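What follows is the residue order along each chain.
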Amino acid sequence: MKRLAVYLAVTFGLTWGLLIPAGFALDTFANGETSSMLMIGLIALSMFFPLVGALVANFSCKPEGRIDLCWKPLVTKNIRYYLVAWFAPAGVVLLGSVAFFAANPQWFDPSMQSYLETVAAAAGQPTDSIASQMPPVPVFFAATLSSALTVAPLINMIPAFGEELGWRGMLFPTLAERTSPRTAALVTGAIWGIWHAPAIAMGHNYGMGYAGFPIAGVLAMTLLCTALSCWLCLLRQRSGSVWPCALAHGSFNAVANMGVPFCTCGSTLFGPSPLGLVAGIPLIVLGAYCWLRLPASAS
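Reference entry: report on the structure contained in this document. (Residues numbered from 1 in each chain as written. Predicted model: local features only at pLDDT ≥ 70, side-chain atom pairs only at ≥ 80, totals over all residues. Heavy atoms only, no water.)

1. Focus on the nonpolar core
Of all hydrophobic cores here, the largest spans 64 residues; its most connected members are Trp167, Tyr206, Leu232 and Leu235. The leading source of residues in this core is helix α12 (residues 215-239), at 13 residues. (Core = buried A, V, L, I, M, F, W, Y, C linked by side-chain atoms within 4.5 Å. Buried < 20%, exposed > 50% of the residue type's maximum accessible area, 1.4 Å probe, protein only. Helix = DSSP H or I, 4+ residues; strand = E, 2+ residues; numbered from the N terminus.)

2. Observations concerning a nonpolar patch on the surface
A cluster of nonpolar residues, Val75, Ile79, Leu83 and Phe87, forms a patch on the protein surface that exposes about 350 Å² of accessible area. For isoleucine 79, the position within the fold is in helix α5 (residues 79-103). Residue classification places isoleucine 79 among the partly exposed residues on the basis of a relative accessible area of 43%. (Patch = residues over 30% accessible without salt bridge, like charges linked within 9 Å, V, L, I, M, F, W, Y side chains within 5 Å. Areas by Shrake-Rupley, 256 points an atom, 1.4 Å probe, with all protein chains shown as cover. Salt bridge = Lys/Arg side-chain N within 4 Å of Asp/Glu carboxyl O.)

3. Comments concerning the packing of α12 against helix α14 (residues 281-293)
The interhelical angle for the contact between α12 and α14, taken along N-to-C directions, is 40 degrees, at an axis separation of 8 Å. With respect to α14, the axis of α12 lies oblique. The hand of the α12/α14 crossing is left-handed. Contacts from Leu223, Leu224, Ala227, Leu228, Cys230, Trp231, Leu234 and Arg238 of α12 reach α14 at Leu283, Ile284, Leu286, Gly287, Cys290, Trp291 and Arg293. (Axes fitted to C-alpha atoms, helices over the stretch in contact; angles between N-to-C directions. Parallel < 35°, antiparallel > 145°, perpendicular 65-115°, else oblique. Left-handed = near helix turned anticlockwise from the far one by under 90°. Contact = heavy atoms within 4.5 Å.)

4. What about unusual backbone geometry?
Proline 214 follows phenylalanine 213 through a cis peptide bond whose omega is -5 degrees. With respect to the secondary-structure elements, proline 214 resides in the loop between α11 (197-201) and α12. Note that the residue after glycine 271, namely proline 272, is joined by a cis bond; omega there is 5 degrees. With phi around 50 degrees, leucine 74 is a residue other than glycine that occupies positive phi space. Mapped onto the elements of the fold, leucine 74 is located in the loop between α4 (49-59) and α5. Leucine 74 sits in the partly exposed class, given a relative accessible area of 32%.

The following block contains the structure:
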């Protein structure tokens, strides 16, 4: 199918064509340092490439072969979906963090001392100096959570829309033309996960110090993206708009690292980010539930 082929070629071509050369040029493939503002900016920029791919794919087809990308917000009729998209990710992330620290209590650091040492090292300052600038841990957590539940989802929704117009606006319904929504959601999630491969190889999300790097990281990302995709595809199908998906995606990104400051080993292949294999268990359960609510046959 021309629309599908063009979408994948443009989206992967732009993303991998940018991140792979940049990764080698900045030595991130060698040392896994993705904390530089330049690399973070490039990864953020790549979030808009699925949008570009969707537009190019649509306009490469004759009018009768184009698809409705469902870019209209349709807020009035979808209030409940927007509310779920806004607040449900926080519950999923909280449950995942609890599961991760329950399984690995030796990595729980309620004082955030390891986090402060990491921040101090990155800033080139003594740990005590950084600690003196930080509020008490409960205040820090409350302030961070408040931001993650209010302002951050709205800010993150913009780059997330760049992805969602492609993955849920173009790819999911295009696949659903030939197969069932259930299958389309799984395939969309798998492709979405693999699309992240260059960033994972740079140490993004999981670092580099784990067995099977970077293949294990790409596989973990693909699994969790597939679970998240099932929820986002259900939102897309029920609401008729990609904006609830963008809000859910943005909200998820806003709260994803809430547990990291309390972990002595930072973000790992297993958690505390919900993209980890242990902390991601609630997300996998949610994905399975949403997958079962998608139609099992093509319409």
